[in-house]
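# Structural overview for review
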Amino acid sequence: MTVIYLGPSPDVKHCLVFKINEATVTVVRTSGKGPEFIRLNSDSASLLKEMLERLEEQLKSDTDISDFFKVGYITGLRLIDVCLHDEFIEYFKRQQLKFPHPNGKTQFEYFLNKIVGAKTHITYISYLKSFPYLSELYQVYETNLLTPSALQTLSEIHSFNGDISIEYGGFSDNHLFTIFIINGTEVLFPRRIKTIPHTVQELYNDCINAKQILINFEDITPFLEKYGAKCAYKILTIIGMDELCEYFKHVVSKNIENRLPFYPRKLMKEYGFHSILTSKEPFLLLDYLEQLEEELYTKYMESNDNEILRNDIWHLYFRDPEKIHWGRFDFTKFNPQIREEVLAFLRANYYISSCQHLLRLYYTLVEAIETLGSPTSILNIKLSDAIAFRAALTSNNKLSVTSISERIYCLASFYDFIALSNNLMRENPFRIARVKSHTQYLNPTNPISHEELRTVLKNLSLMSTHIQIAILILCETGARANEVCGITINEFHIESNGTPVLTINLRKNRKARAQRGSPTFVRHEISHNLAVLISDYIARHEAERSAINTDCILVYTPSQLRQGTQRPPVVLSSDTLKYWLDKLAGPDIQCTPRQIRAAIGRAAFATGKNASEVAAKLGNTAQIAETHYNFMLPQEEAELYDKFYDTIFQFNRLTPSISRESFGHKELYGTCSNPNCSISNKNRCESCSQRFTCNPIPKEGAYIVS
């Protein structure tokens, strides 16, 4: 092979002309940026000859030829076209057999970039018309498209039978996926170049390595990144589902040893399984981890008695009606003496109270000890310290009087317990520093208007049946949210005269009601439509109540995101009811069960009911009913004020005491002339603190009293 430099190109700038085996070729001086590319010059003839001879050997031996394209990708193809035209086409065909790709111009570019070793995506389509050799390569790529039948003679590509059986299955009908059959199950690989295994041997080796990684509890992340989480998960479930489950059990083993919780969905997101979590496909690994979580938490709860014997950190688990929760108690932050006192106090309360209450005691003690300056012992606290602690609590605007009283009572109990444990009889400073509420009544809830409630109920049919029933019970009885959710089948009946009756058990202050002899339930007559809904729902959900052994009416099975999974039925909770009521109301209307209850109470007063009758309906005292529901909003008072003056002016318009002036109709919502009104109120009487004493400026057409 001979290579001779002829000089710079007379027609194109920055190009050189070489003569190779009696053929002339024009190439660009340099076709790439970076130190890996070669800049051609007048002395490059010998270098080109050496590179072309080495390329000829590489084409015959089917080895990597990317080092030749340091002269540039298009430049390299032009040089090959002159001297190694046929050899490169044969090499191209053999590479296509080894690395099958779907047809199409985009896939042709991916394939050619892999051959020439391009690190970034180089576009060749624009050169098809101006560069005949590149167009010829594209035609070869299209006509030499691989099919499963064409691969039957290629045993090293077609199938591999060993511990894992793998067979090449061709392309999907839309040519978007490459199909490999692993142990008789089809796996679709997206045709993106990064996720397609090029040979069966490559996929087989990766599968063997991945299974060994699972067995040895090594890092599986590279395998997930290579094939994508979705394809990798399907491969792993085929070649070793048991090994996959044991692998992730080992991942959370550190949490299990330290009695720490783990969160299956969060763990799956950390490993990149987002697409599977958001799809409806079965996710066996997540199901296994959720079952493992339930079993471990149950085991943790049974060992709570041993956990409280520790002196450093506790992890206690407890169950509410629907799920298991946990709490962390860290005693290392206390000094040694008061740590022993806190441990003794909490251990004593552990056997007489719930874990939820124990957790509240712990947080209260942590806050108090930090506020008191970390005393060496609770017995060292003086009255001045207790008063200072009370002052710190009362200065916090976020704490109510009840919350402050609970905190001080907790410390008083803690002080008494430690004093009695040490056989000491002394005055408790926290008993003296207790706080009393000077507020007679709570702030009443702002009720929802009838127009807003009607707007909310227009779309009630879009909700699930149990949500519809709960909201209708709220609107007809005015019961609290937790009282509605706890209604049982024994509390609903139809009397002999055909009147449906619903009994609401009052849950707020139930013990205090029973001690003072007050009613602990209220009987409500409900509409026949609601009674029919309740009756049908009871009949259709008998199996679900039996499954969880409950008599509650509002039992339902939560919808499942994934196929093949089954969650147990649950009883409707007040939080769930509030959530769906807020969704039903939308962003423009604020609607809560308390607001519906307040609206019913105000409506009862508006129809002439007295405080005792309203209290009997809603299940509270007459004093609370009077202060919470028997009032008017400022805007309603203003509208009533307008109606009153409209009536008076209409009645006396022809009397001598009233003169007609060229002013507008008198309205309360006029411009206020009172200089004491706040500028921020924009001089609107409806927001004026002196709305009944200010003097609005009348507008044109108003009547003035003489």
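Note that this is a predicted model, so its numbers are computed, not measured. (Residues numbered from 1 in each chain as written. Predicted model: local features only at pLDDT ≥ 70, side-chain atom pairs only at ≥ 80, totals over all residues. Heavy atoms only, no water.)

## Points about the overall build of the protein
What counts, and what does not: Put simply, DSSP marks the helices as runs of H or I at least four residues long and the strands as runs of E at least two long, and each gets a number from the N terminus on. When accessible area is computed with a 1.4 Å probe and restricted to protein chains, residues below 20% of their type maximum are described as buried, those above 50% as exposed, and intermediate ones as partly exposed. We call two residues contacting when some pair of their heavy atoms lies within 4.5 Å. Note on areas: these come from Shrake-Rupley sampling with a 1.4 Å probe, and a residue is covered only by the protein chains present in the view.
Each helix and strand in the protein was counted, giving 30 helices and 18 strands. Each of the 706 residues in the protein was classed as buried or not, and the buried ones make up 41%. Across the protein, the fraction of contacts at a sequence separation of at least 24, relative to all contacts at a separation of at least 6, is 56%. As displayed, the protein offers around 38,900 Å² of accessible surface, 51% of which is attributable to carbon and sulfur atoms.

## Points about the pattern of salt bridges
Side chains bearing opposite charge may pair, as long as their charged atoms lie close to each other. Put simply, the test is: Whenever a carboxyl oxygen of Asp or Glu lies within 4 Å of a side-chain nitrogen of Lys or Arg, that contact is scored as a salt bridge.
One pass over the structure, following the stated rule, counts 16 salt bridges. Between Glu307 and Arg310 there is a salt bridge whose closest N-O contact spans 3.8 Å. Residue Arg310 is classed as partly exposed on the basis of its relative accessible area of 40%. A salt bridge links Glu367 to Arg407, with the nearest nitrogen and oxygen atoms 3.3 Å apart. Here Arg407 lies in helix H18 (residues 401–421) and Glu367 lies in helix H16 (residues 355–371), a separation of 40 residues in the sequence. Taking relative accessible area as the criterion, Glu367 reaches 30% and is therefore assigned partly exposed. Via salt bridges that share partners, Arg259, Glu307, Arg310 and Asp312 belong to a single interconnected network.

## Structural notes on the packing of aromatic side chains
How we decide: Each Phe, Tyr or Trp ring (for Trp, its six-membered ring) is paired with any other whose centre lies within 6.5 Å, and the angle between the two planes then decides the class: stacked below 30 degrees, edge-to-face above 60, tilted in between. Two thresholds decide whether a charge sits over a ring: the Lys NZ or Arg CZ must be within 6 Å of the ring centre and within 35 degrees of the ring normal.
Evaluated as defined, the whole model comprises 29 aromatic pairs. For the pair Phe389 and Phe430, a centre-to-centre distance of 6.5 Å together with 85° between the ring planes defines the contact as edge-to-face. Of this pair, Phe389 sits in helix H17 (residues 383–394) while Phe430 sits in helix H19 (residues 429–432); the two residues are 41 residues apart in sequence, bridging distant segments of the chain. The exposure class of Phe389 is buried, given its relative accessible area of 3%. On the basis of relative accessibility, which here comes to 1%, the residue Phe430 falls in the buried class. With 5.1 Å between their ring centres and 80° between their planes, Tyr579 and Trp580 make a pair best called edge-to-face. Accessibility expressed as a relative area gives 34% for Trp580, which makes it partly exposed. Feature note: the residues Tyr168, Phe180, Phe189, Phe223 and Tyr227 constitute an aromatic cluster, connected by ring pairs. Its guanidinium or amino end placed over the ring of Phe131, Arg78 lies 4.6 Å from that ring's centre, counting from NZ or CZ.

## A word on the side chain of Arg480
Our working definition: Under the rule applied, a polar contact is a pair of N or O atoms within 3.5 Å (in protein, one hydrogen donor and one hydrogen acceptor; residues adjacent in sequence only if both atoms are side-chain atoms).
Inspection of the secondary structure assignment puts Arg480 in the loop between helix H21 (465–477) and helix H22 (481–485). A polar contact is formed between the side chain of Arg480 and the side chain of Glu483, at a distance of 2.7 Å. Non-local contacts of Arg480, meaning those with residues more than four positions away in its chain, are made with Leu474, Leu506, Lys508, Arg513, Arg597, Leu618, Gly619 and Asn620.

## Let's talk about the environment of Thr455
Tracing the backbone through its elements, the reader meets Thr455 in helix H20 (residues 450–457). For Thr455, a relative accessible area of 37% puts it in the partly exposed group. C-alpha separation for the pair Thr455 and Ala585, spaced 130 residues apart in sequence, amounts to 8.0 Å.

## Comments concerning a nonpolar patch on the surface
This is how the line gets drawn: Excluding any residue in a salt bridge, patches collect residues exceeding 30% relative accessible area, merging like charges within 9 Å and nonpolar Val, Leu, Ile, Met, Phe, Trp and Tyr side chains within 5 Å.
A cluster of nonpolar residues, Leu383, Ile387 and Ile432, forms a patch on the protein surface that exposes about 220 Å² of accessible area. Along the polypeptide, Leu383 turns up in helix H17.

## Here we look at the side chain of Asn304
With respect to the secondary-structure elements, Asn304 resides in helix H14 (residues 304–307). What makes Asn304 buried here is its relative accessible area of 3%. A polar side-chain atom of Asn304 sits 2.7 Å from the main-chain carbonyl oxygen of Tyr317.

## So, the sheet that holds strand S2 (residues 15–20)
The following threshold applies: For two strands to pair, DSSP has to find at least two bridges joining them. In this analysis, axes come from line fits to C-alpha atoms, helices being fitted only over the stretch in contact, and the angle between any two N-to-C directions falls in the range 0 to 180 degrees.
The strand order across the open sheet built from 3 strands is S1-S2-S3, with neighbouring strands paired in antiparallel fashion. Because the sheet does not close on itself, it has two edges, and the strands there are strand S1 (3–8) and strand S3 (23–28). Each adjacent strand pair in this sheet contributes to an overall mean axis angle of 30°, direction not counted. Across 5 bridges, S1 lies against S2 in antiparallel orientation. Bridged to Gly7 within S2 is Val17. On the sheet, helix H1 (residues 45–61) packs against S1 and S2 and is oriented at approximately 135° with respect to S1.

## Regarding H17
Rules: The length a helix should cover is 1.5 Å for every residue beyond the first. Picture the helix axis, draw a direction to every C-beta atom, and the arc is the one those directions span.
The first and last C-alpha atoms of H17 sit 16 Å apart over 12 residues, in line with the 16 Å expected at 1.5 Å per residue. Listed in full, the buried residues belonging to H17 are Ala386, Phe389 and Leu393. Each buried residue of H17 lies within a common arc of 60° when the element is viewed along its axis, so the set occupies one face.

## What about the sheet that holds strand S10 (residues 492–494)?
Hydrogen bonding along the main chain pairs the strands of a sheet, whether they run parallel or antiparallel. Taken in spatial order, the 3 strands make up an open sheet running S10-S11-S12, and their pairing is antiparallel. On the outer flanks of this sheet lie S10 and strand S12 (521–525), each paired with one strand and no other. The average angle at which neighbouring strand axes cross in this sheet is 25°, direction not considered. The pairing of S10 with strand S11 (residues 500–505) spans 3 bridges and is antiparallel. In the strand pairing of S11, Phe492 is matched with Leu502.

## A word on the nonpolar core
As a reminder of what qualifies: Each nonpolar core is a collection of buried residues, namely Ala, Val, Leu, Ile, Met, Phe, Trp, Tyr and Cys, held together in the definition by side-chain atoms within 4.5 Å.
In this structure, Ile220, Phe248, Met268, Phe273 and Leu285 are the most contacted members of the largest nonpolar core, which totals 49 residues. For this core, the element with the highest residue contribution is helix H9 (residues 229–251), accounting for 12 residues. Of all hydrophobic cores here, the second largest spans 48 residues; its members include Ile534, Tyr556, Ala585 and Val614.

## Some details on the environment of Glu202
Note on placement: Glu202 falls in helix H7 (residues 200–216). With residues up to four places along the chain from it excluded, the contact list for Glu202 reads Pro197, Lys226 and Tyr227.

## A few points about the packing of H21 against helix H24 (residues 528–540)
This is how it is decided: Whether a crossing is left-handed or right-handed is set by the direction in which the near helix is turned from the far one by less than a right angle, anticlockwise for left-handed and clockwise for right-handed. As a working rule, the residues Ala, Val, Leu, Ile, Met, Phe, Trp, Tyr, Cys and Pro are called nonpolar, Asp, Glu, Lys and Arg charged, and the rest polar, with Gly in that last group.
At a minimum axis distance of 10 Å, the contact between H21 and H24 shows a crossing angle of 145°. Our pair here, H21 against H24, has a crossing hand that is left-handed. Where H21 abuts H24, its residues Thr465, His466, Ile469, Leu472, Ile473 and Glu476 lie against Leu530, Leu533, Ile534, Tyr537 and Arg540. Of the residues contributing to the contact of H21 with H24, the split by class is 7 nonpolar, 2 polar and 2 charged.

## With respect to the confidence of the model for the protein
Threshold: For every residue, the pLDDT score states the predictor's confidence, bounded by 0 at the bottom and 100 at the top.
Of all residues in the protein, 80% attain a pLDDT of 70 or more, and the chain-wide mean is 79. Here residues 651–671 is a poorly scored stretch, pLDDT under 50, and it has 55 contacts once near neighbours within four places are set aside; other chains count. Overall, residues 689–706 carries pLDDT values under 50, and its contacts beyond four positions in sequence, including any with other chains, amount to 52 contacts.

## Topic: the pairing of strand S6 (residues 177–182)
Judged from the 5 bridges that link them, strand S5 (residues 166–171) and S6 form a sheet pairing that is antiparallel. For Tyr168, the partnering residue across the bridge sits in S6 and is Phe180. Here S6 pairs with strand S7 (residues 185–190) via 6 bridges, running antiparallel. Looking across to S7, one finds that Ile181 is bridged to Glu186.

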